[in-house]
Every structure is written in C-alpha cells, then in structure tokens.
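# Observations on the model geometry
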Amino acid sequence: MSSPLVEVSAISRTYAMRSGMFGRAAAVHAVDGVSLTIARGQTLGLVGESGSGKSTTGRLVLGLEPPDRGAVRFDGKPMTALGTTAWRAQRARMQMIFQDPLGALDRRLPVATQIREPLDIHGIGTPAMRDDRVRELLRAVELTPAHGARYPGALSGGQRQRIVLARALATKPDFLVCDEPVSALDVSIQAQVVNLLCDLQAQLSLTLLFISHDLRVVRQISNVVAVMYLGRIVEIGSADDLFARPEHPYTQALVSASPAPGRRSAGRIVLSGDPPNPAARPAGCAFHPRCPRAIARCASEVPALSAVGGDRQVACHLVTGAATRDAA
Amino acid sequence: MTPLVSIEDLRVAFNGVPVLRGVDIALQKGEAVGLVGESGSGKSVTWLAALGLLPRHAQVSGSVRLDGRQILGAPAGELDQVRGGRIAMIFQDPASALNPVLTIRRQLCEALVLHRDLQGNAVKAEARRLLDLVGIPDAGRRLEAYPHEFSGGQVQRIMIAMALAGNPDLLIADEPTTALDATIQAQILELLSTVRRELGMAMVLISHDLGVVAENCDRVAVMYAGRIVEQAPSIQLFADPVHPYAQGLIGALPPLDGPRRRLTAIPGTVPDPAHMPGGCAFAPRCSLVAEACGLAAPTLAPIADDRSVACIRAEASRRALLGIAAE
C-alpha cells in the first residue's frame, strides 16, 4: 500500500517543429527530464504557463504517447506497450478528462450512451448491470437519469463536464489525469465541479494528476504541487507551503501575479519579457533571461532539482546555493 | 459634477429575448470601474450597445450620455467621433482585431489619421511614440512588422496603443488579459494602470476574474442575468458583499493562502434569457430566498454612500441599520 501508484522517472519528449512552411525543423523539448511520484489517494497539481509541458507530461504519464527517454511505472509495473491486451486492461484503471467537455463528447449521442461506452468496450458487467451502473454514475456526479437521455448540446458547460467525469469514472479507475478540467467554466460552476471532484476523490480513493494554470484551483485540490517551466520542474513541494513560501523566483512571480481580492498590487513582481519559446530554449537555467535575480552562473549551468529542507525541491542556483551555504 | 458617461435603464433584446434588462451605471472622469459577472450576464453587451456596435436586429432602448449628450441612437457621423476618439475599446482576442496582411504602422497610422489632425511624418512619429509608450522594444523597426511577428502579450500592447491613438477619455477593456498567461497578464494590467494614471483616462474593466477587477478598479459593479445586482467601492465589495450572488461569487473563489475551506458553490445555473424567472432572476439559486423574491424584480437601491444593491433582503437590513441610527 505504501508504494506510490505512479512513478515517473526522468521522462523526456521531443517534437520536431518547422518554423514556417519552408523553415528548418527544430527540436522542441516539450518535456525534459521530469520525475514525479504520486502516492495513492493523493493529488499532484501541475502548474505552469502555456508551453511549459504540463499537458505533454499528462499524456506521457497516461501512456497516450511513449516518452523518448525515461520510464513511467504504474502500480509498481512498467507501462505496457500501446495497443496490447495488457495495455487495455491497464488503461481501464487510468482515465483522463480535458478542458473542453463539448469536444470530448459526441454531439449526436445521448450522454448516457456515452457514459456506458467504456463499460461496453472493456466488457464490464452484463448489459443490465451496465444500465444500473450508468444511473449510479449519473447520481455520483449529481445529475438525474433524465439528464442522461439528453444530448450534449442540451446541457450546460458544468453539466457536460460532469458527464465527462462520470464517463471517466465508469471503469472504476484508480488514477485520473485532469487537464484544465474547470478552466472553461464560470466561477460559480467551477466551484461546483471542484467540490464534486474533491468529494469523489475521497469516496473512491482516487489518485489524481491535476493540470491547471490556475494556482487557486490547484491549491484547493492538491496535496503536492509541481511548477513547470519550459519542460522542467523548477519547484515541487506540499501545496500550502509552496504557495505560502515560494522559493524559486519563477514560482514567486506566479504567486505574486495571481490577483487576489482585498490585496492591492503593491510589491507585485512583474516579470519582463515574453513567455519563452520552447523551440529556442535559453542556455543554463531556462528562466534566467526573465529572472530578476539571475547571476552569471545561471546563464551557463543548468540548475538541478535539489532538496532544500522539508519536502521541498527547487531547481535554482540562488536557492540551492544559499541552502548549501547555510548547511556548511 | 456631470459624469463622463451615464447609462440609464439600458435595455437590449435579441429577437425579442431580453439580454440586458435595465442597466444604470455612471462613470466620473479618470475613474476605473470594474464589471464582473459570469458569461451571458451582459457585461460586454452593455458597452457594445452603448457604442452602437450591436447588430441591427438588436433592439436597444434607454439612455447613454457622454458629457451630458445623448449618444444612444446618434447619427453615424457623430458616433464615429465618439468611437475611438472619446471612448476606445480593447477585446479579449487581440490577434483577431488586427489585420494580418497590413503592417502595424499602417494600422496605427490609420487610427491616427482618423482621430487626430496629423499629417505626413508627424503621423509616423506619433505611431512610434505610442508603441514606445506601451513598451514595445525597438519601436521604430517594429512598426514595419506584421501582427504574426508579435507574441500574444505584445499584440495586446499594440491594441492598447491603437486604442490610445485617439486620446480617448474612456477605455473599455473587455477581458483584456483572459487569453494571456499569468505573468503576461500581470504585465498588461500594470501597463493599463500606468497609462491610465499618466493620461488621466477613465477605464471600464470587464472581467470574469474577481481578483483582476479588485486590484485594478476603484469601484465594482456585479452583473447577473442582464442587471447590475450590486455596486460598491472595490475594497468594500470584496470585504463585505451584500447581494447573495456577490457573496456566492466571492465564496466560490478558492483562497490562495490561509486554511483551505470547502468552496461555497452557487447551486444551479444561470437562467435562460428566454425563460427568465418572474421576480428576482437570482431567486432560484439563492440560499436566502423568501416568498417576496418571486413577486417583483428588486431595483438597485442605495444602502450607503456609493453603494447600492438590488435585493429585498438587503433593503431589509438597510432599514434595520437606519432604525438603529435613528434611536
């Protein structure tokens, strides 16, 4: 029971990208040496800006595409090869939900049919049991059987995301990857879905990888949070502690940039420069061109993710340098 | 003092379906007012209607005054002077607001020639000054670039430069940072507040993000189903919201520090504009609902200096307060 459900060790994924129609192909290191473990029943939050590699990490962890380097272990066993019977069995235990529920649902099928589909595919239960299970799932996401008879177009955004969640839960998965599941929803509906996700996680002892750019939502739902920048984890630690005392200059800027009612922007860290281009990764620490505290070493040497006390790990020369000095 | 802009009982209907059901709001010179609410609450429609930017089949009624002069239904020639010249607008998706096949110089100069009495080299010099002002590095050279050569944050800066071309007294920023990453959002918000301070311009910031509005506005109006339900100075609204919907919105926002609490989600969904409940539109979702809520829609009534709420429960609490004061 104590072994983590998901173990990711140093996975990398590189894509070839052309700049323009006749441009030369450039290598984009979408994910570069990411390691994580997610304990059973826990939620790991993954935050970062667009292009930071958080969604690619989610896809690699699920085995939707193989990593170029590194390995993912699920429940102590290595990921099985795509398309095999063993892979199918494993896939029933891990599911994914995305940002856009309308894109994830078939508009021409009643939603109950779509919730039932994974049960049919994986051959779970008899047809009568499957119908019962669909009703049970609809109830679990706080909808009625009447909602099940409707088509996606006749449901609101929040209701559609509940349907997607019900379908993801149909095979009783142990592990759920949620990629920006509430980003497209209005605040009041977002709160409904976040609460529902927290409740279901507790009831079903689900393990979650929760990907979002919204620090507030991530903190609400996560035990551990990892911050990504240009394909690497720059800081990881327990959710409350990380947001209360961010160590990495990038995390500090992110936390400071998150607007809060009742707080004026005095003392806000505003980073200069544009978000970085994954195809032209700066040498050394990828964050150094935008970092307000960068020193000469940052431009040449890639900082390693290292422990700085407690369960916190930071990849920054300034932070880890200072920590080693304190220890000496 | 005459307000810069005053909107009274503004109503909009599309094909007979009311989407804006009587909006009253006034802005003083140089003031920053935030407009929050969920999608479909009428935040954008209010200003599109005020500026005559809605499609012809929209039925618009009410009054919109700029410096005391009626602009709602004004002739096209007059509106052309107002739009861009007195009141400018920027949108969520800046990339689609620029013409992809024209250089930034052509587009900026077009706005300058339309709204300012500038000729020849003065136009280009002003275009360059504007780009400098909004923080585009190497402005002289970048004027010759096309929109796709800029990042999302830079394109929004260019849109701000274009909006400033006519020296407007009021800038309507409709979700200006929603499509941008967090660190770029912080840059654009800082730019907006610097520009506003330097030029003494008023601003309406439309956003679904309560935090963004709280930090950048003096006053906030909360909209629900085509009406303003609460209006207050930002600090007061977020510290002590009165309308149950405003309370719900703030309770639904996960905290970034302090202890975690279960989010107070507002049950149900926004009503369909074609089947609006009788009485208060929020009543079906309200935890404080009373029988009287279903009878008539509450009007926006003052409860303190500079604060007003459209809720019969709030009126009751105000009467109680006045009663205490009278004793």
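Within an unreviewed UniProt entry, the label attached to chain B reads ABC transporter ATP-binding protein, and the organism entered is Bradyrhizobium agreste. Looking at the Sequence similarities (unreviewed entry) heading of the UniProt record, one finds this comment for chain B: "Belongs to the ABC transporter superfamily."

Under an unreviewed UniProt entry, the name given to chain A is ABC transporter ATP-binding protein, and the organism recorded is Bradyrhizobium agreste. Quoted verbatim from the Subcellular location (unreviewed entry) field of the UniProt record, the comment on chain A reads "Cell inner membrane". Here chain A is described in UniProt, under the heading Function (unreviewed entry), as follows: "Involved in beta-(1-->2)glucan export. Transmembrane domains (TMD) form a pore in the inner membrane and the ATP-binding domain (NBD) is responsible for energy generation."

All names here are of chain B. Strand order in the open sheet formed by 4 strands is 2-1-4-5, and the pairing between neighbours is antiparallel. If you trace the sheet from one side to the other, it starts and ends with strand 2 (17–27) and strand 5 (69–70), each paired once. Pairing analysis gives 8 bridges linking strand 1 (residues 5–14) to strand 2, with the strands arranged antiparallel. Counterpart to L10 in the pairing with strand 2 is V23. Sheet strands touched by helix 1 (residues 43–50): strand 1, strand 2 and strand 4 (58–66). Its angle to strand 1, the strand with the most contacts, is close to 105 degrees.

It is worth spelling out the packing of aromatic side chains at this point. Residues and elements named next belong to chain A. This structure, assessed with the given rule, holds 7 aromatic pairs over all chains. Plain terms: the ring middles of Y250 and F287 are 5.2 Å apart, the flat faces sit at 65 degrees to each other, and that makes the pair edge-to-face. Of this pair, Y250 sits in helix 11 (residues 249–257) while F287 sits in the loop between helix 11 and helix 12 (296–300), and the two are 37 residues apart along the sequence. According to the relative accessible area criterion, F287 is buried, its value standing at 2%. What links up through ring pairs into an aromatic cluster is the set Y229, Y250 and F287.

Core analysis: the largest hydrophobic core is formed by 123 residues, its most contacted members being L165(A) and L131(B). Of the residues forming this core, the biggest block, 8 residues, is contributed by helix 8 (residues 187–204) of chain A. Once residues within four sequence positions are removed from consideration, L165(A) is found in contact with I97(A), V141(A), L176(A), L196(A), L197(A) and L200(A). In this structure, V5(B), V33(B), A50(B) and L54(B) belong to the second largest nonpolar core, which totals 33 residues.

What counts, and at which threshold
- Residues numbered from 1 in each chain as written.
- Chains lettered and ligands numbered in written order.
- Predicted model: local features only at pLDDT ≥ 70, side-chain atom pairs only at ≥ 80, totals over all residues.
- Heavy atoms only, no water.
- UniProt positions renumbered as here; feature names shortened; annotations may be inferred.
- Pairing = 2+ DSSP bridges.
- Helix = DSSP H or I, 4+ residues; strand = E, 2+ residues; numbered from the N terminus.
- Contact = heavy atoms within 4.5 Å.
- Axes fitted to C-alpha atoms, helices over the stretch in contact; angles between N-to-C directions.
- Phe/Tyr/Trp six-rings, centres within 6.5 Å; stacked < 30°, edge-to-face > 60°.
- Buried < 20%, exposed > 50% of the residue type's maximum accessible area, 1.4 Å probe, protein only.
- Core = buried A, V, L, I, M, F, W, Y, C linked by side-chain atoms within 4.5 Å.

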